[in-house]
Amino acid sequence: MAFGLNCRHCRYFGRLLIGKSRSIDMSKILRCTVFDLSSSLRITFGGPMVFQSRTAHNVRAPRIKYPLWYLQRERAKDDQQLTGDNRAFIKEAVHDKFGMPAVIHGISTYDVRSPLNEDSVECMNVEWNPKLQRTGLIARKLGNYPMWLNNGKSVLTTLLQVIDNHVIKYIPPDEFNPPRKPYSCPNHKKQLGCLLVGAESADPQYFTKQYCGLFYREGMMPKKYLGRFMVSPEAALQPGTPLLASHFRPGDFIDVRGKTIDRGFQGVMKRHGFHGMPATHGVTKSHRRGGNVGHGGEKGRIFPGTKMPGHMGNRYRLHKGAEILRINHKYNVIWIKGIASPGETNSIVYLYDTILPLRKHKSPPPFPTSKVLDNDQLIDSYKEDVYKFTDQTITYEEDK
C-alpha cells in the first residue's frame with residue numbers, strides 16, 4: 001500500500017511502521033494526520049493514496065545581466081608572436097579601412113566618416129510634440145567646477161563630456177524583443193523602438209568577431225561603450241549619425257544615469273546616515289551601532305527592508321531634473337547644476353530628457369537631434385542668468 005503524505009506526522013508514523021509493527025490501521029493514521037495539518041496546504045486523496053501540493057507565488061523569470069550584444073565583447077589577449085613588420089601591416093590595414101587616428105572634440109579617436117544608410121530608416125519630417133521621445137547621449141564625467149550667476153551667486157556644477165557618439169542601429173517596435181520585459185504588464189503595447197548608440201571608437205583587434213559585426217554592417221569602427229535608448233518611431237535616426245552636445249540646450253533639464261562609487265561594506269552611520277549613540281552615560285562599544293532592530297511579542301523578528309550594515313554603492317542610480325547651465329560646442333562638454341550626479345570621476349554616464357512633468361521641454365528642442373554645423377564661431381552657449389566669462393567684471397562710472 002502506497003503512502004505519499006510528506007509531512008512531520010507522516011515521518012513520525014513511518015518510523016512507527018518500520019520500527020514496531022506493520023499492522024497499524026491506515027484509516028487511524030489518516031484521521032490523526034490529515035485533520036491536524038495547516039489550512040494553507042491543499043491535500044487531495046482517494047482511498048489509500050494521499051498527495052500534497054503547494055503553490056508558488058511571485059515566480060519571476062531569471063534576470064539577464066547584460067543585453068545580448070555585451071556578451072563576449074572583448075577577446076582574450078594571446079601572444080601571437082607577431083614580428084614588428086606584421087604588426088605594422090595590421091595597423092596599416094586598419095587605418096586604410098577606418099581612417100587614421102585623430103583628435104576630434106578633444107577625444108582620441110579615428111577620423112572615420114561613416115556613410116549614412118538611407119534604406120535602413122525612413123526619414124520623416126515630423127514636428128516635435130511633448131508625447132514624442134528622443135534619444136539620449138553617452139558621456140564621461142570629468143569632475144566639478146564652479147560657475148557664477150549674474151547676481152554674483154556661486155554655484156557648483158558637474159562637467160560631462162559627450163565622447164564620440166554615433167548611432168549604430170535602430171530596431172523598430174515590432175522587431176524589438178528585449179530579454180527583460182516589464183513584470184507588471186508583460187503584454188504591454190510596443191510603441192517605442194530601440195536605438196543603439198556607441199561611444200569612443202577603438203581598435204577592432206581587441207574585440208571579438210561577433211561584436212565587431214554590429215559595426216561592420218554600418219561601416220563603423222567598434223565602440224567601447226554602448227547604450228540602448230527607447231525612442232519614438234518618429235525620432236529614429238539613421239546608422240552613422242553623429243550625436244553632439246548640442247542635442248540639448250542651456251536651460252533644459254536632463255536625467256543622468258550612472259553607477260555610484262563603490263564604497264564596499266559600510267555601517268549604518270555612513271550607509272544610512274544614522275546619528276550614532278552618545279559617547280557618555282555608560283555607552284560601551286556601541287557608539288556607531290544601529291541599535292535595536294527587532295520587535296517584541298509575536299513580531300519578534302527582523303522585518304524585510306530594515307536599515308542595517310551592508311554593501312554600499314556600485315549600483316545604477318538616476319539623478320532626475322539636472323539643469324544645464326553651459327555647453328561648450330568645441331569639446332562637447334555640458335555643465336549641469338549641482339554635484340549629485342552618480343559616478344566617480346572618469347566614469348560613463350547616460351543622459352536622457354527628464355521625465356519630471358514640470359521640468360519637461362517648454363519649447364521644441366532639436367528634433368530628432370541637432371545638425372552638425374561648420375560654424376566655429378559658436379563655441380560656448382550659456383543660460384540667460386549665468387555669467388559669461390567673456391563679459392566685463394568691473395564697470396566704472398564717469399566722473400561728473
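Everything discussed here concerns the structure shown above.
Residues numbered from 1 in each chain as written. Predicted model: local features only at pLDDT ≥ 70, side-chain atom pairs only at ≥ 80, totals over all residues. Heavy atoms only, no water.

This paragraph deals with the overall build of the protein chain. Of the regular secondary structure elements, the protein chain holds five helices and 17 strands. Classification of the 400 residues of the protein chain by burial places 35% in the buried group. Surface summary for the protein chain: the accessible area is close to 26,800 Å², and the carbon and sulfur share equals 52%. (Helix = DSSP H or I, 4+ residues; strand = E, 2+ residues; numbered from the N terminus. Buried < 20%, exposed > 50% of the residue type's maximum accessible area, 1.4 Å probe, protein only. Areas by Shrake-Rupley, 256 points an atom, 1.4 Å probe, with all protein chains shown as cover.)

Right, let's get into the pattern of salt bridges. Applying the stated criterion to the full structure yields eight salt bridges. A salt bridge links lysine 223 to aspartate 164; its shortest N-O distance comes to 3.4 Å. With lysine 223 in strand β9 (residues 223-231) and aspartate 164 in the loop between β6 (154-162) and β7 (165-171), the pair connects residues that are 59 residues apart, well separated along the chain. On the basis of relative accessible area, aspartate 164 is assigned to the buried category, the value being 15%. What you see here is one network of salt bridges that share partners, running through Arg140, Glu200 and Lys224. (Salt bridge = Lys/Arg side-chain N within 4 Å of Asp/Glu carboxyl O.)

Glancing now at the pairing of strand β14 (residues 316-328). Across six bridges, strand β11 (residues 253-259) lies against β14 in antiparallel orientation. Paired with phenylalanine 253 across the strands is glutamate 323, a residue of β14. Where β14 lies against strand β15 (residues 333-337), four bridges are found, and the strand directions are antiparallel. Paired with asparagine 328 across the bridge in β15 is valine 333. Sheet analysis places β14 next to strand β17 (residues 380-382), joined by three bridges and oriented antiparallel. Paired with arginine 326 across the bridge in β17 is tyrosine 382. (Pairing = 2+ DSSP bridges.)

By convention here, two paired aromatic rings are described through the distance between centres and the angle between planes. A complete count under the given rule lists five aromatic pairs for this structure. Among the aromatic side chains, those forming a connected cluster through ring pairs are Phe207, Tyr211 and Phe215. Directly above the aromatic system of tyrosine 316 lies the positively charged group of arginine 257, at a separation of 4.2 Å from the ring centroid. The aromatic ring of tryptophan 335 is capped on one face by arginine 326, whose charged end is 4.1 Å from the ring centroid. (Phe/Tyr/Trp six-rings, centres within 6.5 Å; stacked < 30°, edge-to-face > 60°. Lys NZ or Arg CZ within 6 Å of the ring centre and 35° of its normal.)

Turning our eyes to something else, we now look at helix α4 (residues 209-216). Regarding α4, the residues found buried are Tyr211, Cys212, Gly213, Leu214 and Phe215. Looking at the packing, one finds that the buried side of α4 touches β7 and β9. (Contact = heavy atoms within 4.5 Å.)

This part is about the nonpolar core. Residues Ile254, Ile334, Ile336 and Leu351 are the most contacted members of the largest nonpolar core, which totals 33 residues. Broken down by element, the residue count for this core peaks at four residues, all from strand β16 (residues 348-353). In this structure, leucine 351 is in contact with Gly136, Leu137, Ala139, Leu160, Phe229, Phe248, Ile254, Asp255, Val256 and Ile334, ignoring residues within four places of it in sequence. (Core = buried A, V, L, I, M, F, W, Y, C linked by side-chain atoms within 4.5 Å.)

Turning next to the pairing of β6. Along β6, seven of the nine residues are buried, which leaves the element largely enclosed by surrounding structure. The loop that links strand β5 (residues 137-148) with its antiparallel partner β6 comprises five residues; one of these, glycine 152, has a positive phi angle of about 90 degrees.

Moving on, we get to a nonpolar patch on the surface. Taken together, the side chains of Tyr145, Trp148 and Phe389 define a hydrophobic patch exposed on the protein surface, amounting to about 290 Å² of accessible area. With respect to the element layout, tryptophan 148 can be found in strand β5. (Patch = residues over 30% accessible without salt bridge, like charges linked within 9 Å, V, L, I, M, F, W, Y side chains within 5 Å.)

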